[in-house]
Amino acid sequence: MFYADADLTLLYYHSLDRPRDFRNKVIWITGASSGIGEHLAYVLVKSGAKLALSGVNVERLTAVGERCKEISNCAAEDILLVPFQINNFEIHDECVKKVLDHFGQIDILVNNAGVSQRAEFADVDIELDQQLFSVNVFGTINLTRKVLKHFLQRKKGHMVVTSSTAGKIGVPFSCTYTASKHALHGYFECLRSEMVDENIDVTLLCPGPVFSGLPDRCVTGKVGEKFDHKQKPTDKRMATERCCDLMATAIAYKLDECWITFQPILFTYYVAQYIPTIFRTLIAKFIFNKQRFMKMRQGR
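Since the model is a prediction, treat every value here as computed from it, not as a measurement.

K.L.:
How should I be thinking about the environment of Leu132 in this particular structure?
P.N.:
With respect to the helices and strands, the residue Leu132 is situated in helix α5 (residues 126-154). Separated by 124 residues in the primary sequence, Leu132 and Asp256 have C-alpha atoms spaced 25 Å apart.

Put into structure tokens, the structure is as follows:
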């Protein structure tokens, strides 16, 4: 347990000597132009998946698409680029149609697009709350509803959500981001309960600190203001490749919820989940010291 970097259920399935097989599966990944979305695309395409890749940075998205073709020797038509801004709700129908016109089906939607944040609770403007929720929550939920109609018609499908360990407990100095991840759990747990008889699965993935583009695009509590932070190779963060390898296993086995992070953060989440009073009265007072916690958030 003390050497684990994911919850025990996920590690059990990851240890099985069975190849992950996504052949003939069409997987749509949002936020695929960098970080977790990019590297998850590489893992999935190696396992035979056909990919629709979405993001805002067209140049980066194109590079990811080309890399997918290089490492898998897949056909050019097996990779489709669908660049768009996730909170541009008006074009979601058009994007879904583009994927369906190209592939004829969608098997898995990976909702990965998102924005992170660092700010004290009292310093956050409501406009920032609204802006971040429009990306992290409402864009994801609207696109999910569009794809869900297709899943219901086919009587099968798989919704995957990149949440965060911040989606499980109240993480200090990141209130809007944390709340947005909690909101995703509320939405998708409700969806899961409604889809019990519809052959539609939901997987919530909760990674902790990972080397990705997310921290470098982090916002503060003010609209248009970026948090001044750049990752360093020496930061204590999980390698993106390891995180995505575990995520791919969770998707392959259709696991309900997975925690992916190193120690002692993983152990802390077990305590918060199973003995919450002790966590809130004892452990939280120690780890949520502002200076200590901010260093931990930055991997330093």
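K.L.:
How do you make sense of the nonpolar core when you look at a structure like this?
P.N.:
A general tendency of soluble globular proteins is for nonpolar side chains to be buried together. Counting 52 residues, the largest nonpolar core has Ile27, Ile29, Leu44, Leu51, Leu53 and Cys68 as its most contacted members. Discounting chain neighbours no more than four positions away, the residues touching Leu44 are Phe22, Ile27, Ile29, Ala49, Leu51 and Ala248. Within the second largest apolar cluster, 31 residues are counted, among which are Val135, Leu143, Phe188 and Val202.

K.L.:
I would appreciate a short explanation of the sheet that holds strand β3 (residues 79-81) in the present structure.
P.N.:
Pairing between the strands of a sheet comes from backbone hydrogen bonds, and it takes one of two forms, parallel or antiparallel. Read across the sheet, seven strands follow the order β3-β2-β1-β4-β5-β6-β7 without closing on themselves; strand pairing throughout is parallel. The strands lining the two open edges of the sheet, one partner per strand, are β3 and β7 (257-260). Going from strand to strand, the sheet's axes swing by 15 degrees on average, the running direction of each strand aside. Here strand β2 (residues 50-53) pairs with β3 via three bridges, running parallel. In the strand pairing of β3, Ala52 is matched with Leu80. Contacting β1 (26-29), β2 and β3, helix α4 (residues 92-103) crosses the sheet at an angle of about 155 degrees to β3.

K.L.:
Looking at this model, I keep getting lost on the side chain of Thr162. Mind explaining?
P.N.:
As for its placement among the helices and strands, Thr162 is situated in strand β5 (residues 157-162). Given a relative accessible area of 7%, Thr162 falls into the buried group. Other than its neighbours up to four places away in sequence, Thr162 contacts Asn111, Asn112, Lys181, Leu205, Pro207 and Met247.

K.L.:
Would you mind going over helix α7 (residues 240-252) with me for this structure?
P.N.:
Along an α-helix, a turn takes 3.6 residues, which lines up residues three or four apart on a common side. Taking 1.5 Å of rise per residue, the 13 residues of α7 would be expected to cover 18 Å, and the 18 Å separating its terminal C-alpha atoms lies within 8% of that figure. Among the residues making up α7, those that are buried are Thr240, Cys243, Cys244, Leu246, Met247, Ala248, Thr249, Ala250 and Ile251. For α7, the secondary structure elements touched by its buried residues are α1 (8-15), α2 (35-46), β4 (108-111), β5, β6 (200-207) and β7.

K.L.:
I keep staring at unusual backbone geometry and nothing clicks. Help me out?
P.N.:
Glycine aside, residues mostly have negative phi angles, and peptide bonds mostly take the trans form. In this chain, Gln263 is followed by Pro264 through a cis amide linkage whose omega measures 5 degrees. Relative to the elements of secondary structure, Pro264 occurs in the loop between β7 and α8 (265-274). Positive phi outside glycine occurs at Asn24, with the angle close to 65 degrees. Within the secondary structure, Asn24 sits in the loop between α1 and β1. Take Asn24: its relative accessible area is 59%, and that puts it in the exposed class. The phi dihedral of Lys254 is positive, around 55 degrees, even though this residue is not glycine. Its place among the elements puts Lys254 in the loop between α7 and β7. Judged by its relative accessible area of 42%, Lys254 falls in the partly exposed class.

The rules we used
Residues numbered from 1 in each chain as written. Predicted model: local features only at pLDDT ≥ 70, side-chain atom pairs only at ≥ 80, totals over all residues. Heavy atoms only, no water. Helix = DSSP H or I, 4+ residues; strand = E, 2+ residues; numbered from the N terminus. Core = buried A, V, L, I, M, F, W, Y, C linked by side-chain atoms within 4.5 Å. Buried < 20%, exposed > 50% of the residue type's maximum accessible area, 1.4 Å probe, protein only. Contact = heavy atoms within 4.5 Å. Pairing = 2+ DSSP bridges. Axes fitted to C-alpha atoms, helices over the stretch in contact; angles between N-to-C directions. Expected span 1.5 Å × (residues − 1).

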